[in-house]
Amino acid sequence: MLNGVIKWSLQNRLIVVAISALLLVWGSYVALNLPVDVFPDLNKPTITVLTEANGLAPEEVETQVSFPIETVMNGVPGVSRVRSVSGVGLSIVYVEFEWGTDIYRNRQLVSEKITEAREQLPEGVSPFLAPISSIMGEIMLIAVSSRDGTTDPLELRTLADWTIRPRLLTITGVSQVIPIGGGVKQYQALVSPEKLRQFGITIEDVSVALEKSNINSTGGFVDAQSQEYLVRNLGRFYSIDELKQTVVAYRNNTPIRLGDVAEVQFGAKIKRGEAGTNGKPAVIVSVQKQPGASTQDLTEQVDEAVKELQKTLPPDVEINPNLFRQANFINASIGNVTEGLRDGAILVAIVLFLFLLNFRTTFITLTAIPLSFIVTFLILYAFGISVNTMTLGGLAVAIGELVDDAIVDIENIFRRLGENRNLENPRPSIEVIYHASLEVRSSIIYATVIVALVFIPLFALSGVEGRLLAPLGLAYITALVASLFVSLTVTPVLASYLLPQTFRRKLTKSVNDPVEIDHDALSGETFQDLNDRALPHPAALLELRAASLHHLEQRPHHLAPTALPHPHHDTTRYLADAGFDFSEFDLGFWFAG
């Protein structure tokens, strides 16, 4: 079969070159648009269940909230592990599924089990699912601060909650946007105990009145004059003054309002943490991505959104998107590996040229590197694998071996073409290239298979280790196999285009070929004219001849014996006939040997 591949490639050389060019163009486009990350996808399908239980200690959260949820989750199909973290008023349950399961199906199964768990939870406690995120999902930390302190932390948090967060959530690929720090704005009613006693009202009356207020309800509709009119009960307040008018109780048919027993104001929710930047209070916005999203593309989109938001904020409010950027770490890591690839390719090119001493053979051999890389990127695209340090590391390890198959093939082709040139009846170059490729075909295949087998055990690793190292092995083996096919197809085709011209040129320009002189063409008056012009300058002629012979004596292996002139040349005879005295020159070296 492989014989047929080589034969077909040489019979359809233009098609092979065209396919290679198309692969380079298409593969380059795909490679530039592949998602880029630091590591491969290490996300085991995990569903996070969050439950807020305000006022409960970690012990009560563990026994009353976390344990019932864990118990029902253990029966979900495909679950490999369930773990939880219980804190003050907060329970986090992580439900991990097997690799390769559908995350959306898993969320549906967990949602059904949460319904069962609600019956066992304390009153008012309701668990919910966290958005789908990634193990390396936190891609940015954005600081929102006031340059001169004009805008207080309470307003900064309000801007982050109601202006910045909704805008960032509209970006495709963003999973969560979590503001941290500042102060969560609340309507606060600071009740006065003295006024409560004065009006005979309890704190419970105030709490119930506030719970039942701030609600818009319906009163049905009224049918009048063949038209329906909706009846609305508007109880929702939109300002502090409206909140103050909330009726708490009636005394002597007189309404007692909230403003009569309490001081109503805006205030911050009780803090359990703080955030800052450059030693000043600030709001930190954490941006997290969805699994599979490109960190660099998302970072660029977030930067564009931040520029738009900056124009709408107060003049003293500053948004700093450079507090933490995972894209910087990605660029640094990918840049280091890319530099290794570049330096390796340059060293390979230098070593190849030093050993081959031929630009054309070096060029043909080096074509295996970009073609193998392009095929690897196409395979990564097909498998949904990102460009990361592991895949690029596999290519960096393989870069020196990508030219092995091609250099074995091209060296044998080059040697056979040289031997064919010296034959009395040279065979066609295509035939020589075909048989030369067949001679090394088996050794190329066996060598490639043996080297590829070294990386096969990487695919047997399980867990995170397998997810981390499998892309390295895939990139390495794919590039190696691609270089094998390049050596069987593209290398013979390029050799058929470039190398025969080199050997034809050598037939006329090689210094190793004997020089044939047509003495008949130089006989007669032409040769006599040359001698007549040289005889008036005998000293210069002899010095030139002595220097030439001395040079030839130092490098005899570069010229064939027939190229050396006989010492008893006609020129000597002409000089003697002219009466030239040879005793003035040391001619021992001239007639030696």
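This is a predicted model, so every value here is computed, not measured.

Enquirer: Kindly report on the pairing of strand 8 (residues 217–224), identifying the contributing residues and their values.
Expert: Where strand 8 meets strand 9 (residues 227–233), six bridges bridge the pair, whose relative direction is antiparallel. When the sheet's bridge partners are listed, Asp223 is paired in strand 9 with Glu228. Linking strand 8 back to strand 9 in an antiparallel pair, the connection comprises two residues, with Gln225 at a positive phi of about 55°.

Enquirer: Outline the nonpolar core, supporting the account with residue identities and numerical values.
Expert: Among the nonpolar cores identified, the biggest contains 35 residues, and Ile369, Phe373, Phe377, Leu392 and Leu395 are the most heavily contacted of them. For this core, the secondary-structure elements that each account for two or more residues are helix 11 (326–356), helix 13 (368–383), helix 14 (389–398) and helix 17 (463–488). With seven residues, helix 17 is the largest single contributor of residues to this core. Counting residues in each nonpolar core, the second largest holds 25 residues, with Leu371, Ile410, Ile433 and Val493 among its members.

Enquirer: Quick rundown of the side chain of Thr478? Include the residues and the values.
Expert: Structurally, Thr478 can be placed in helix 17. In this structure the side chain of Thr478 is engaged in a polar contact, spanning 2.6 Å, whose partner is the backbone oxygen of Leu474. Setting aside anything within four residues of it in sequence, one finds Thr478 in contact with Val375, Thr376 and Ile379.

Enquirer: Which residues make up the pattern of salt bridges, and what values do they have?
Expert: Pairs can form between side chains of opposite charge once their charged atoms are near each other. Under the defined criterion, the tally for this structure stands at 14 salt bridges. As a salt-bridge pair, Asp37 and Lys289 come within 2.8 Å of each other at their nearest N and O atoms. In this pair, Asp37 sits in the loop between helix 2 (13–33) and strand 1 (46–52) while Lys289 sits in strand 15 (residues 283–289), placing the two residues 252 residues apart along the sequence. The exposure classification of Asp37 matches that of Lys289, with both residues buried. Notably, a salt bridge pairs Glu116 with Lys113, separated by 3.8 Å at the nearest N-O pair. Residue Glu116 and its partner Lys113 are located together in helix 4 (residues 103–117), separated by three residues, close to a single helical turn. Note on Glu116: relative accessible area 43%, which makes it partly exposed. For Lys113, a relative accessible area of 21% translates into the label partly exposed. In this structure, a network of salt bridges that share partners links the residues Arg415, Arg416, Glu419 and Glu439.

Enquirer: How would you summarise the sheet that holds strand 16 (residues 317–325) if you had to cite specific residues and measurements?
Expert: With antiparallel pairing, the four strands of this open sheet are ordered in space as 6-15-5-16. Strand pairing shows two members of the sheet lacking a second neighbour, strand 6 (174–181) and strand 16, which therefore form its edges. Looking at each pair of strands side by side, their axes are set apart by 20° on average, direction ignored. Contacts from helix 5 (residues 153–169) reach strand 5 (138–146), strand 6, strand 15 and strand 16, with the element oriented near 175° to strand 6. Seen against the sheet, helix 10 (residues 295–312) touches strand 5, strand 6, strand 15 and strand 16 and runs at an angle of roughly 170° to strand 16.

Enquirer: So what about helix 13? Which residues, and what values?
Expert: With 16 residues, helix 13 should reach 22 Å at 1.5 Å per residue; the first-to-last C-alpha distance of 23 Å fits that figure. The complete set of buried residues in helix 13 reads Ala368, Ile369, Leu371, Ser372, Phe373, Ile374, Thr376, Phe377, Leu378 and Leu380. In the segment just after helix 13, Gly384 is the residue with positive phi, at about 70°.

Enquirer: Describe the packing of helix 1 (residues 2–11) against helix 2, with residues and values.
Expert: In contact at an axis separation of 5 Å, helix 1 and helix 2 are set at 95° when each is read in the N-to-C sense. One element, helix 1, and the other, helix 2, form an angle in the roughly perpendicular class. On helix 2, the residues that touch Trp8, Ser9, Leu10 and Gln11 of helix 1 are Arg13, Ile15 and Val16. Here the residues of the contact of helix 1 with helix 2 sort into four nonpolar, two polar and one charged.

Enquirer: So what about the packing of aromatic side chains? Which residues, and what values?
Expert: Summed over all chains, the structure comprises five aromatic pairs. Between the aromatic rings of Tyr187 and Phe237, the centroid separation amounts to 5.4 Å while the plane-to-plane angle is 80°, which identifies the pairing as edge-to-face. Of this pair, Tyr187 sits in strand 7 (residues 185–191) while Phe237 sits in the loop between strand 9 and helix 8 (240–244), placing them 50 residues apart in sequence. Aromatic side chains Tyr187 and Phe266 sit 4.8 Å apart centroid to centroid with 45° between the ring planes, which places their arrangement in the tilted category. Taken as a pair, Tyr187 in strand 7 and Phe266 in strand 12 (residues 262–268) lie far apart in primary sequence, 79 residues in all. Among the aromatic residues, ring-to-ring pairing joins Tyr187, Phe237 and Phe266 into one connected group. The ring of Tyr94 carries the charged tip of Arg83 above its face, separated from the ring centre by 4.5 Å. Over the ring of Phe266 we find Lys185, and its NZ or CZ is 4.9 Å from the ring centre.

Enquirer: Can you explain the sheet that holds strand 1? Please cite residues and give values.
Expert: Strand pairing in a sheet relies on backbone hydrogen bonds, with the paired strands running either antiparallel or parallel. Read across the sheet, four strands follow the order 2-3-1-4 without closing on themselves; strand pairing throughout is antiparallel. For this open sheet the edge positions go to strand 2 (79–87) and strand 4 (128–129), each flanked by a neighbour on one side alone. Two elements, strand 2 and strand 3 (residues 90–97), share eight bridges in a ladder whose sense is antiparallel. Note that in strand 3 the partner of Arg83 across the bridge is Tyr94. Relative to strand 1, helix 4 is tilted by about 35°, and along the sheet it contacts strand 1, strand 3 and strand 4.

Enquirer: I'd like a description of helix 11, backed by residues and values.
Expert: Between its terminal C-alpha atoms helix 11 stretches 45 Å, which fits the 45 Å expected from 31 residues at 1.5 Å a residue. All of the buried residues along helix 11 are Gln326, Ala327, Ile330, Ser333, Ile334, Val337, Leu341, Gly344, Val348 and Leu352. Looking one or two places after helix 11, you find Leu357, whose phi comes out positive at around 55°.

Thresholds applied
Residue numbers here run from 1 along each chain, matching the order of that chain's written sequence. The predicted origin of the model limits local features to residues at a pLDDT of at least 70 and limits the giving and counting of side-chain atom pairs to 80 or more, whereas totals for whole chains, interfaces and linings rest on all residues. Only heavy atoms go into the side-chain values, all of them from the structure, while hydrogens and water stay out. Note on pairing: two strands pair once DSSP finds at least 2 bridges between them. Only DSSP runs of H or I with at least four residues qualify as helices, and only runs of E with at least two residues qualify as strands; both kinds are numbered from the N terminus onward. By convention a nonpolar core is built from buried Ala, Val, Leu, Ile, Met, Phe, Trp, Tyr and Cys residues, the set being connected through side-chain atoms within 4.5 Å. Type-normalised accessible area, obtained with a 1.4 Å probe on protein chains alone, sets the label of each residue: buried when under 20%, exposed when over 50%, and partly exposed for intermediate values. Two N or O atoms form a polar contact when they lie within 3.5 Å of each other; inside protein one atom must be a possible hydrogen donor and the other a possible acceptor, and for residues adjacent in sequence the pair counts only when both atoms belong to side chains. Note on definitions: a residue-residue contact is assigned when non-hydrogen atoms from the two residues lie within 4.5 Å. The working definition used for a salt bridge is a side-chain nitrogen of Lys or Arg within 4 Å of a carboxyl oxygen of Asp or Glu. For helices, the fitted line uses only the C-alpha atoms of the stretch in contact; every axis is such a line through C-alpha atoms, and the angle between N-to-C directions lies from 0 to 180 degrees. The span you would expect from a helix comes to 1.5 Å times its residue count less one. In what follows, roughly perpendicular refers to angles from 65 to 115 degrees, roughly parallel to angles under 35, roughly antiparallel to angles over 145, and oblique to any angle outside these ranges. Residues are sorted three ways: Asp, Glu, Lys and Arg are charged, Ala, Val, Leu, Ile, Met, Phe, Trp, Tyr, Cys and Pro are nonpolar, and all the rest, Gly among them, are polar. Aromatic rings from Phe, Tyr and Trp, with only the six-membered ring used for Trp, were paired whenever their centres fell within 6.5 Å, and each pair was classed as stacked if the ring planes differed by under 30 degrees, edge-to-face if by over 60, and tilted otherwise. Geometrically, a lysine NZ or arginine CZ counts as sitting over a ring once it is within 6 Å of the ring centre and also within 35 degrees of the ring normal.

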